[in-house]
Amino acid sequence: MALSGRESYDRNLLALRAVQPTVAQVVDAAPIPDGVEEAVGRDGTRTLLLTDEAGRRVWFGQSSMPAVSAAEMFCNLSSDGGNVSQPGILTGLEPLVITERLAKHCAVFVVEENPLHLKLAMHLYDYSALLTSGRLVLVLGDDLAARLVEFFEHHPGYTLPTQMFTVPQRSPAQIADLQRRFE
């Protein structure tokens, strides 16, 4: 399926290829299924509708109001000055909101299990400056330990995230499992 936002996707992919070529290759290879439909959220934000495993229509990132939910989720963001991690790309807007509120030397590590979600978010939002500056790191969650080792071997100077955000789209068990895998 062809989505609008191809220019944004191409910029993001070019930036991702320069800093994380393996991730870029996996994301670019992810096919966009026919069930993906462009939509406008209840807050006026451009978003997507997907079809879940049960055949129901669901909002991308499980929010019909991406700008409102991302701003609200991270309105009280406090960072210890270290890198942070986010469990999934969610609506795609969250990494932009978080990086606005973090110190300029901090990065957001987005751990995403589904490369398609990264591809869809890259059609919606322009992350190219964050990717190029090293403030956004995309980590595929399929083999988290191996993916983190690969990243840190190719990007000396980074430190592991010191804080993992909890989000309503992930259960406490999912967050605990992700934290355990990080450790």
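Being a predicted model, the structure only gives us computed values, none of them experimental.

Caption draft 1: Up close: helix H8 (residues 172–182). For H8, the set of buried residues is Ile-175, Leu-178 and Phe-182. In a view along the axis of H8, the buried residues occupy a sector of 65°, so they form one face of it. Across H8 from its buried face, at more than 90 degrees, point the exposed residues Pro-172, Ala-173 and Arg-180. Buried residues along H8 sit against strand E4 (84–87), strand E5 (108–112), helix H7 (144–154) and strand E7 (163–164).

Caption draft 2: Layout of the sheet that holds strand E2 (residues 46–51). Taken in spatial order, the 3 strands line up as E1-E2-E3 in an open sheet, and their pairing is antiparallel. Across the chains shown, the open sheet's two edge strands, defined by having one partner strand only, are strand E1 (37–40) and strand E3 (57–59). Each neighbouring strand pair of the sheet contributes to a mean axis angle of 40°, computed without reference to strand direction. Note: E2 against E3, 3 bridges, orientation antiparallel. Bridging across to E3, Leu-50 finds its partner in Val-58.

Caption draft 3: Spotlight on the packing of helix H1 (residues 6–19) against helix H5 (residues 115–124). For the pair H1 and H5, the least separation of the axes is 6 Å and the interaxial angle reads 120°. Relative to H5, H1 is oriented oblique. Where H1 crosses over H5, the two elements pack in a sense that is right-handed. Here Arg-6, Ser-8, Tyr-9, Asn-12, Leu-13 and Leu-16 of H1 lie close against H5, whose contacting residues are Lys-119, Met-122 and His-123. Of the residues that constitute the contact of H1 with H5, the class distribution is 4 nonpolar, 3 polar and 2 charged.

What counts, and where the lines are drawn
- Here the residue numbering is sequential within each chain, running from 1 through the sequence in written order.
- Restriction of local features to residues with pLDDT of at least 70 applies here, the model being predicted, together with a cutoff of 80 or more for giving and counting side-chain atom pairs; totals for whole chains, interfaces and linings are based on all residues.
- The side-chain figures draw on all heavy atoms in the structure; neither hydrogens nor water molecules are used.
- Burial classes follow relative accessibility: with a 1.4 Å probe on protein chains only, a residue under 20% of its type's maximum area counts as buried, one over 50% as exposed, and anything between as partly exposed.
- Helix and strand definitions follow DSSP, with helices as H or I runs of at least four residues and strands as E runs of at least two, each counted in order from the N terminus.
- In this context, the arc is that of the directions from the helix axis out to the C-beta atoms.
- Contact between two residues is taken to exist if any of their heavy atoms lie within 4.5 Å; hydrogens are not considered.
- A pair of strands counts as paired when DSSP detects no fewer than two bridges linking them.
- Simply put, an axis is a line fit to the C-alpha atoms, just over the touching stretch for a helix, and the angle between two N-to-C directions goes from 0 to 180 degrees.
- Oblique is the label for any angle not under 35 degrees, not over 145, and not in the 65 to 115 range, which are roughly parallel, roughly antiparallel and roughly perpendicular in turn.
- Crossing handedness is defined as follows: a turn of the near helix away from the far one that is anticlockwise and smaller than a right angle gives a left-handed crossing, while the clockwise case is right-handed.
- Three classes are used, and their members are as follows: Ala, Val, Leu, Ile, Met, Phe, Trp, Tyr, Cys and Pro are nonpolar, Asp, Glu, Lys and Arg are charged, and the others, Gly among them, are polar.

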